[in-house]
Amino acid sequence: MASIITIAGEKLFAAKAQANEQLDIDTFIFANVPGQDASSSIYRSETIPSEHIVHQQSVQQYGRINDNVVVYSTVLDSVTGPFNFNWVGLYSSVNDTLVAINHIPITSKTVTENGVAGNTLNRNFGIEFSGIAELTGINVEPETWQLDYTARLNGMEELTRQLAADMNGKNWFIGDGFKVTPRETTNSFKVVAGVGYVAGLRIALDADHIFVISNYPQFVYVDAWFDGNSESVWKGKATFIISSDELDDYIDNTGKQHYVLKIAVVSSAEDVEDLRNIKGLAEKLDDYSSEIERQVSESTQELSGKVLKNQQDIEALQQGQPTPIITSFDVDKPELIAHRGFRGQFPQNTMLAMSRALSNGADSLECDIQVSADGELFLFHDDQVNSLTNGSGTFTALNASYIESLVFDEVAGTSFASEGIPYFSELLKLAKTKGVYVYAEIKGYRNQSDIDLIISAIEAENMEQFVMLQSFDFTDLEYVRTKNQTIGVGYLGSLTANYESYVDSLSNMGHSALLWMYTAILNSPAIVQYCKGKSVGVAAWTVNTDYDAQRLKKIGVNKIMSDISLGGV
């Protein structure tokens, strides 16, 4: 079973948070999608399968689990149906946005008829997003039926297993516990009673285990798992497998995870090779000592490299070239990125804002790119031009000539009324002249191939090393990298967990950064260290107080994106 927040949902969350508006999520959608595999990954760009919808109904209950997790629930009662479904969506009707998706095995919803009672099903969506409780205005405790305690308990069990493995070693045994030895009877062997750990799971053998082998050689495996029932104490259990094959961990038909470890090789009736690790914690200490020595060696080499890098930066600046600031973690002063040209102080995404931002302390510039109906690139944030200008219509459906004629509401009737919507090329020329870096969000296009236009514009100004293209849609970044290996790529998001796969992918792409909502970073500082270990930069958005900027700086964030010029950065 897979569940995920959509890209559209995350964009909506971010937009509402930036605008300080309440987020309303009100509808469950049920569909039966032919050929859907519940175990496969969900594409975050997935949309509502309108032709396969079988039922819709309102959110009936919600609750706050913590500041960053809320749960939405609905009940399909016995008079609702009948239908089958394998797709569930959480939808915001007021914002016309699919927020989250759940793929499940085909489930039947029956209805009461002919004296036979229909079934009642509960459906819940847990939404994790930094500050989601405040954003949605949800402050009530959830009902017990809204919580999936199975998942929580499984998580606790897994955490305990991992802690044991981290502290004492993954696979190890105490003394002679689980040692395989020959017995006096020919071809007879025993596993000695004792205690051991397999994949961090503690197992105990209360009495010697006797077994017989008729063919040689054979491997002896211990098969360990966590088991129990509603009336028993749950604990690690083990059995033994004698096989000449190489075996691996597996999940049984009840869904239990089994950890399989080879503990001996029996070559003959008298020849047994003991494969157990009995060092345990001592081995871990040896590993830590070796790791410390490795880190000291790497730090010495890194320091030497930084001295060389700083000299190269000085030479580049002397030649009037901007210096890329992507993944470096060696600056005491964070890079201050002017979000839409310090939109809190100047008319956003205008050339006036960009030039004034540089005069007011910005180290680099951030903008949004939209493509017109006739393929021209402009700086503009919203999908509809009427939200910010005196015009109307969807940006990507408008021609460049019409867009050029628009006036921003912010400057209408002022001496800056002539400040129109600029072309992306204008910003590139300014950045090149001033020697500054540009973070450009891929905001709106007719189709993904329009990204080629953006790449071509950057290449035309020889700015490949000094522009990072950013997006909430990871496939945009993958597309960029297939076309150009030099332009920076940055993933926009706000997850406090499950971010590792994105960082790993960014690391493989190179010249990359994670551009994350600042509250998510503060709630999960491990994001910074994980990125650092993968040579992926970290930028925090949108940080509008010196206090938050300093908090982020203390945990290692060295890119601060802000709507205003922060004095403390």
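Since we're looking at a predicted model, the values are computed, not measured.

With that settled, consider the overall build of the chain. A tally of helices and strands in the chain yields 13 helices and 28 strands. When contacts within the chain are restricted to residue pairs at least 6 apart in sequence, those whose partners lie at least 24 apart make up 64%. For the chain, the accessible surface area stands at approximately 27400 Å², while carbon and sulfur atoms represent 48% of it.

We describe a pair of aromatic rings using the distance from one ring centre to the other and the angle between the two ring planes. Using the criterion set out here, one finds 23 aromatic pairs in the structure. Here the aromatic rings of Phe28 and Phe30 are separated by 6.3 Å at their centres, their planes lie at 20 degrees, and the arrangement is stacked. Plain terms: the ring middles of Phe173 and Phe178 are 5.5 Å apart, the flat faces sit at 45 degrees to each other, and that makes the pair tilted. Ring pairing ties together the aromatic residues Phe28, Phe30, Phe83, Phe85 and Phe125, which thus form one cluster. Looking at Lys262, its charged tip hangs above the ring of Phe219, at a distance of 3.8 Å from the centre.

Attention now moves to the sheet that holds strand β10 (residues 180–182). Spatial strand order, β10-β11-β14: three strands in an open sheet with antiparallel pairing. Two strands in the sheet have a free side with no partner beyond their single neighbour: β10 and β14 (209–212). The sheet shows a mean angle of 30 degrees between the axes of neighbouring strands, direction not considered. Where strand β11 (residues 188–191) meets β14, four bridges bridge the pair, whose relative direction is antiparallel. Across the sheet, Phe189 pairs through a bridge with Phe211, a residue of β14.

Let's shift gears to the environment of Asp96. Looking at the element boundaries, Asp96 is found in the loop between β6 (83–92) and β7 (97–109). Counting along the chain gives 88 residues from Asp96 to Ala8, while the straight-line C-alpha distance between them is 9.9 Å. Of note is the side chain of Asp96, whose polar atom sits 2.5 Å from the side chain of Tyr91.

The next subject is the pattern of salt bridges. Inspection of the entire model under this criterion finds 15 salt bridges. Between Glu21 and Lys16 there is a salt bridge whose closest N-O contact spans 3.2 Å. Between Lys443 and Glu441 there is a salt bridge whose closest N-O contact spans 3.1 Å.

Quick reminder: α-helices carry 3.6 residues per turn. Residues three or four places apart thus point the same way. Regarding helix α9 (residues 474–483), the residues found buried are Phe474, Asp476, Leu477, Tyr479, Val480 and Arg481. Close packing links the buried residues of α9 with β23 (437–444), α8 (451–460), β24 (467–471), β25 (488–493) and α10 (500–509).

One open sheet holds the three strands; their spatial order is β9-β12-β13, and the pairing between them is antiparallel. Because the sheet does not close on itself, it has two edges, and the strands there are β9 (172–173) and β13 (201–205). Here strand β12 (residues 194–198) runs beside β13; their pairing, made up of five bridges, is antiparallel. Bridge pairing in β13 places Val195 opposite Ala204.

What follows concerns helix α13 (residues 546–554). All buried positions along α13 are accounted for by Asp548, Ala549 and Leu552. Taken around the axis of α13, the buried residues stretch over an arc of 105 degrees, which confines them to a single face. Across from the buried face of α13, at angles greater than 90 degrees, the exposed residues are Tyr547 and Lys554. Of the surrounding secondary structure, the elements contacted by the buried residues of α13 are α11 (518–523), β27 (537–541) and β28 (559–562).

Put simply, Gly81 and Pro82 share a cis peptide bond, and its omega is 0 degrees. Considering the arrangement of structural elements, one finds Pro82 in the loop between β5 (69–76) and β6. Going from Tyr216 to Pro217, the amide bond is cis rather than trans, its omega being -5 degrees. Relative to the assigned elements, Pro217 resides in the loop between β14 and β15 (218–227). Even without being a glycine, Asn187 presents a positive backbone phi close to 65 degrees. Relative to the elements of secondary structure, Asn187 occurs in the loop between β10 and β11. Positioned with a positive phi, Asn462 is a non-glycine residue whose angle comes to about 55 degrees. Mapped onto the secondary structure, Asn462 falls in the loop between α8 and β24.

Moving on to the side chain of Asp223. Relative to the helices and strands, Asp223 is located in strand β15. Despite its burial, Asp223 pairs with no opposite charge, the nearest such side chain being Lys256 at 12 Å. Side-chain polar atoms of Asp223 contact the side chain of Tyr250, separated by 2.5 Å. Apart from the residues within four sequence positions on either side, Asp223 is in contact with Lys237, Ala238, Thr239, Ile241, Tyr250, His258, Tyr259 and Val260.

Turning to the pairing of β11, a few remarks are in order. As defined by bridge partners, β10 adjoins β11 across three bridges and the pair is classed as antiparallel. Opposite Val180, over in β11, you have Val191 as the bridge partner.

As a rule of thumb, soluble globular proteins bury nonpolar side chains together. The biggest cluster of nonpolar side chains holds 105 residues, and the ones touching the most others in it are Phe13, Ile127, Phe424 and Leu469. Filtering out sequence-adjacent residues up to four positions away, Leu469 remains in contact with Ile369, Ala440, Ile442, Ile454, Ile455, Ile458, Leu477, Val480, Ile487, Gly488, Val489 and Gly490. Judged by nonpolar contacts, the second largest core, of 21 residues, contains Phe173, Phe178, Leu201 and Val222.

To continue, consider the side chain of Asp548. Note that Asp548 resides in helix α13. Note on Asp548: relative accessible area 9%, which makes it buried. Engagement of the side chain of Asp548 in a polar contact is seen with the side chain of Tyr518, the distance being 3.4 Å. Leaving out residues up to four positions away in the same chain, Asp548 has contacts with Tyr518, Leu522 and Val543.

Further remarks concern the environment of Gly236. Within the fold, Gly236 resides in strand β16 (residues 235–243). Judged by its relative accessible area of 16%, Gly236 is buried. Each C-alpha atom of the pair Gly236 and Val198 lies 9.4 Å from the other, and the pair is 38 residues apart in sequence.

As a further point, take the environment of Ile454. Topologically, Ile454 is positioned in helix α8. Separated by 12 residues in the primary sequence, Ile454 and Ile442 place their C-alpha atoms 8.6 Å from one another. Excluding anything up to four places from it in sequence, Ile454 contacts Ile369, Leu377, Phe424, Ile442 and Leu469.

About the cut-offs
- Residues numbered from 1 in each chain as written.
- Predicted model: local features only at pLDDT ≥ 70, side-chain atom pairs only at ≥ 80, totals over all residues.
- Heavy atoms only, no water.
- Helix = DSSP H or I, 4+ residues; strand = E, 2+ residues; numbered from the N terminus.
- Contact = heavy atoms within 4.5 Å.
- Areas by Shrake-Rupley, 256 points an atom, 1.4 Å probe, with all protein chains shown as cover.
- Phe/Tyr/Trp six-rings, centres within 6.5 Å; stacked < 30°, edge-to-face > 60°.
- Lys NZ or Arg CZ within 6 Å of the ring centre and 35° of its normal.
- Pairing = 2+ DSSP bridges.
- Axes fitted to C-alpha atoms, helices over the stretch in contact; angles between N-to-C directions.
- Polar contact = N/O pair within 3.5 Å; in protein donor to acceptor, adjacent residues only side chain to side chain.
- Salt bridge = Lys/Arg side-chain N within 4 Å of Asp/Glu carboxyl O.
- Buried < 20%, exposed > 50% of the residue type's maximum accessible area, 1.4 Å probe, protein only.
- Arc of directions from axis to C-beta.
- Lys, Arg positive; Asp, Glu negative; His and termini not counted.
- Core = buried A, V, L, I, M, F, W, Y, C linked by side-chain atoms within 4.5 Å.

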